[in-house]
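Structural description and commentary
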Amino acid sequence: MVFKNTASLNRRGLLKAGAAASASSLILPEVSWAQSESPVKIGNIDPRTGTYAALGENQIRGATMAVDEINKKGGILGRPVQLLVEDSQGLPGPAVSKAQKMVSQDKVDFLMGSVNSAVSASLAQFSSQHNLLYIDTGGHADPITGKNCTWNTFRTCSTTWLETAADFDLLYQKFGKKWFFITPDYAFGHSLHDDYVAQLTKAGGVSLGNALAPLGTTDFSSYLIQARAAKPDVLICLQAGDDLVNVLKQAVQFGMNTQMTIAGAQQELEVLEALPPAARLGWWTFEWYWNQPGVPHLEEFVAAHKAKYNGKVPTARTWFGYASAHAIALAANQAKSLDALKVVRALEGLVLPPEVALQPGKCYYRAEDHQMIANMFPGNVPNGATYPNLFNVAQTVPSGTIAKSPAEAGCKLVYPS
Amino acid sequence: MSASIETKPAAAQGSARMLVAAGIWVLLLLVPLWLPALGGYTDLATRALIYAIAASGLNLVLGYTGGLSFGHAAYFGLGAYGAGLCLIYIAPSLPLAILAGTVLGGIAGILVGPMAMKRKGIYFAMITIAFGQMFYFIAVRWNALTGGEDGLTGFSRVPLHLGGHAIHMGPVRFYYLVLALFAVVMLVLWQILRSPLGHSFVAVRENTTRLRFLGVAVDKQIWVAFAISTFITALAGALNALLTGFASPDNLGWQLSGSFVVICVLGGMRSYWGPFLGAIIFIVAQDYLSSVTQNWMSFIGLIFVLAVLFFPQGLLGFIKGRARS
Amino acid sequence: MYSAFNGLIVGIFYALMALGLSLILGLNGVINFAHGTFMALGGYLAFTIEPYVGFWGSLILAPFGAVVLGLLVERILIRPLYGRDPLFSLLLTFGLAMIMEDLIRTIWGSVGQPFALPNYLNTPLSASLFFLTGYRLVLIAITILVTGALFAVLRYTRIGIRIRAGNADLETISAMGVNIFFLRAANFGIGIFLAGLAGILAAGQLGLSPSIGSSLIMPSFVAIIVGGVGSLIGSVLGGLIIGIASGITAAFFPVAQEVVIYVIMAVVLVLRPRGLLGQEGLFE
């Protein structure tokens, strides 16, 4: 359980002395590759404690599986790949401290990770100061591949815009045009809300109101009361993580699911799993799903994951980590170099092979803004859903058909000369 | 209590003490040379020094007046936000940013002081924690100014302009800047502790009632100590913002306050060098543990528990005790 | 009106937490930072045994599970610290909170757990009073019951009278031959029982995650300060006041819904430093 993949973190001298007291309980795992080759190091910074720990852990699992596969196929440039994992706690401060450490002490060649936008933004800023390739695995805020994009940052997960655009048509046509929003009061929530309202207004619908709930709200009843009084067709809950668990649990207690359609943008398997069966409901968008009949290599991937991790199925977060680590290896091998700029050039437009993409169509990092263009999976949670069949994909929407163009997103890449 | 010995840091111990101090300063000056060889990195040393500044500031209240302040992260965080906001909105000047952060945190300390001073002991601890949380929520909720939950980003260490030269602040140069400020802080603390004011702080800790009978305005003494201490901690916060390139709400959280207190206890609250030693141990342990095990929180928690149960006098207190016996 | 009621529900959690904290603060002289994790522990234990003993069974049994651990902690870790600077017990429970949160995460995983309520509690009582779910009424009823029982115990049983006496003057009752070690342990146990109970009740309302207690513990401190240290009724009152204030603020000025708690505290400290019902000069 403890650290399957922080392989060979050998520190010396001072640091060892500092932790000597507890060293006996820290067992260092074995490294499987020949020790003679110096490894290529990928630094993976993800939350393992704090609110986002569950999501972070799945991203780490995905990256671990990818690195195992890469090493079986000959590594990067014939050298073994080593995944170094550090805990960001989901907070930008510790994340940057860890990045400083990985760069100055471990001398990592590439950086990847992050579950939330605040950490992604700080790591993107950090890695551009250090001329390092960084793949943002799971921080969704638009600016990261939009107006704050940088030459060295790529993103595997979707954008906030994509999350709303993916299920908007479905919700609008199926359930009606009067919507009410409960929005988490921070940048991510605001941008989701604005994106939905823009599409709603354009389509001729109307927003009946927007209740701003602070992050970490435990009691949503006052917002739910406002929502109920407005009598909307659709109640959009834009919370994530624990907040989403709380708002759904309480909405169901108030019986609101019988009066309106409860829906939202991004939904995650980890969240649905944490809900009591009665609160598992609503219409949402998944960014990747383990059950897509007919997609090549997917069944083997799910089986391998189940075998390795207690019968659990992989989630979208697992895939983010998996695809990101594979993309780094593919690009470096293609560039025949570890040089950041050369690998960046190889990643631009890189199409994921089917055994990595694990979804239909062409999945690639767009060259102009470094955003992964894959698919979105809008759908609903079936009644009485049990793990792992917690979602029912209504349609598979290629991101390319709904994504903003790089120009619209406001990205202009500037490369080092 | 052997308070009388430590209250006069300079007087009694003489030349052996000077030698140790000189040794520490030489080691600190040479950090960029020997730390990488040991597997460390310069930013780690910078962070340890920043925490040492913050904890030394706190220790003025905690160790010398005996006031149990459990909310000092608030002033650390305000220092960080002050520095960041100054760089973004006022002027891209390093000294100005550091000054702005220090003053912001210090003023908050001056304002909170009188309200917290009304109670002592455990009550004082709870009030300082609660005021810390107030600043935390202000930072989290005032989205437009502070960036809310995401933290304040979009500033970086600007070059230092000295006599027409622009000095770029790489990790090593920034380390020396922090070291210089650490030296200033230690010097100021030294002067305060030797002064009549410093003696009165210790008197507050040792016998408040008697001081009251003597007509000393005890509350005012604690207030002064508290205010000075928040200025110093805020300075550390400003430097931390420059080290990481942003300020975030967790800079103000009570978890960090607890860490500052344990740093003081770990090194030795009654010792001048205690917070410094505690900061090194704590930062290195945290850095190492959180890399090798997912359960690092347990180990850090264990450090708290062990420090309390077995080293209540801190490492320096322990060593001194051994040396004496 | 709705908002005030919602605030009341939140206030109930604050009050239950503050009551336990206040008991422990009073007789044991310890600020129990680990109170929030004992609360989480109660919730997780209930979640684990619920499939076997049902919701009501877990509501009764799980707090005792938390109490067992609480008594061990009191005996092994806290007892050596009695009579020493309160700083040390504060730091100890602070570290303990970190260890316990980590253990909970290791045992039950970082993914939140679905703690399900019986269906009949999970529905609104009527269409017009939809915010009054059966569960919320149960919550209020249990809180009144438990608080009432606690005050009855403190007033009428021998141990309760001793706890109150110890609160006022521990040395004297010790001199009178009362076993204060037993008394402190019992008192700590009662405090933890309240935390465990609050944890289960909260798990029915909120998501059960390892950090469920951390958002409730700070307001509980404020509840004690506002209500007045040393007054158990004050703690309950303080909890309800800040809960309702926060609920009302959430409806009209949501940005300030947390800050308002601390503003109230500051106002109380300026106007009436010992708190609404606090005694002068206690714990100083």
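Residues numbered from 1 in each chain as written. Chains lettered and ligands numbered in written order. Predicted model: local features only at pLDDT ≥ 70, side-chain atom pairs only at ≥ 80, totals over all residues.

Let's talk about the overall build of chain A
Counting secondary structure elements, chain A contains 15 helices and 15 strands. Computed over the C-alpha atoms, the radius of gyration of chain A is 21 Å, within 12% of the 22 Å expected from 2.2 N^0.38 for a compact globule of 417 residues. Dimensions along the principal axes, computed over C-alpha positions, put chain A at roughly 70 × 50 × 40 Å. Of the contacts made within chain A by residues no fewer than 6 positions apart, 70% connect residues no fewer than 24 positions apart. (Helix = DSSP H or I, 4+ residues; strand = E, 2+ residues; numbered from the N terminus. Rg over C-alpha atoms; globule rule 2.2 N^0.38 Å. Contact = placed C-beta atoms within 7 Å.)

With respect to the pairing of strand 8 (residues 234–237) of chain A
Residues and elements named next belong to chain A. Both faces of strand 8 are covered, namely the face carrying Val 234 and Ile 236 and the face carrying Leu 235 and Cys 237. As defined by bridge partners, strand 6 (residues 178–184) adjoins strand 8 across four bridges and the pair is classed as parallel. Across the sheet, the residue bridging to Phe 181 is Ile 236, located in strand 8. The pairing of strand 8 with strand 9 (residues 261–266) spans three bridges and is classified as parallel. The residue bridging Ile 236 from the neighbouring strand is Ala 263, located in strand 9. (Buried ≥ 20, exposed ≤ 12 C-beta atoms within 10 Å, placed from the backbone. Pairing = 2+ DSSP bridges.)

Some details on the environment of A:Thr396
All names here are of chain A. If you trace the backbone, Thr 396 turns up in the loop between strand 14 (392–393) and strand 15 (397–398). A tally of 17 C-beta atoms within 10 Å means that Thr 396 is categorised as partly exposed. Linking Thr 396 and Trp 161, residues 235 residues apart in sequence, is a C-alpha distance of 17 Å. When near neighbours in sequence (up to four residues on either side) are disregarded, Thr 396 contacts Pro 360, Asn 375 and Phe 377.

Some details on the packing of helix 15 (residues 296–310) of chain B against helix 3 (residues 86–108) of chain C
Helices that pack against each other are described as a pair by the angle of their axes relative to one another and the distance between those axes. Orientation of helix 15 of chain B relative to helix 3 of chain C, taken along the N-to-C sense of each, is 155°, at an axis distance of 8 Å. It follows from the interaxial angle that helix 15 of chain B and helix 3 of chain C lie roughly antiparallel. In the crossing of helix 15 of chain B with helix 3 of chain C, the sense of the turn from one axis to the other is left-handed. The segment helix 15 of chain B lies against helix 3 of chain C, with B:Met297, B:Ser298, B:Ile300, B:Gly301, B:Leu302, B:Phe304, B:Val305 and B:Val308 engaging C:Phe88, C:Leu91, C:Leu92, C:Phe94, C:Gly95, C:Leu96, C:Met98, C:Ile99, C:Glu101, C:Asp102 and C:Leu103. Taken together, the residues that form the contact of helix 15 of chain B with helix 3 of chain C break down as 14 nonpolar, three polar and two charged. (Axes fitted to C-alpha atoms, helices over the stretch in contact; angles between N-to-C directions. Parallel < 35°, antiparallel > 145°, perpendicular 65-115°, else oblique. Left-handed = near helix turned anticlockwise from the far one by under 90°. Nonpolar A, V, L, I, M, F, W, Y, C, P; charged D, E, K, R; others polar.)

Observations concerning the sheet that holds strand 3 (residues 110–113) of chain A
The strands that make up a sheet are held in pairs by hydrogen bonds between backbone atoms, and each pair lies either parallel or antiparallel. All names here are of chain A. The five strands are arranged 2-1-3-4-5 in an open sheet whose pairing can be described as parallel. Where the open sheet ends on each side, the last strands, each with one partner, are strand 2 (81–87) and strand 5 (153–155). For this sheet the average axis-to-axis angle between neighbouring strands, irrespective of direction, equals 20°. The pairing of strand 3 with strand 4 (residues 133–136) spans four bridges and is classified as parallel. From the neighbouring strand, Met 112 faces strand 4, where its bridge partner is Ile 135. The strands touched by helix 2 (residues 53–72) are strand 1 (40–46), strand 2 and strand 3; relative to strand 2, the strand with the most contacts, the crossing angle is about 170°.

Quick look at the interface of chain C and chain B
Many structure descriptions define interface size as the accessible area lost when the parts assemble. With 36 residues of chain C at the contact, the number on the chain B side is 35 residues. Sorting the residues of the side of chain C that touches chain B by element identifies helix 3, helix 8 (214–227) and helix 10 (259–271) of chain C as the ones contributing at least two each. Of the residues that constitute the side of chain C that touches chain B, the class distribution is 30 nonpolar, two polar and four charged.

Focus: the confidence of the model for chain A
Looking at chain A, the pLDDT average stands at 85 and 91% of residues meet or exceed 70. Note on residues 1–31 of chain A: pLDDT is under 50 here. Beyond four places in sequence and across chains, it has 49 contacts. (pLDDT = per-residue confidence, 0-100.)

A word on the domain arrangement of chain A
All names here are of chain A. Each assigned domain of chain A is listed here: domain 1 (13–158 + 297–373) and domain 2 (161–286 + 375–402). Measuring from the centre of the C-alpha atoms in domain 1 to the corresponding centre in domain 2 gives 29 Å. Taken together, the contacts link 17 residues of domain 1 with 19 residues of domain 2. Looking at which element gives the most residues to the side of domain 1 that touches domain 2, the answer is helix 2, with three residues. (Domains from an automatic or database assignment.)

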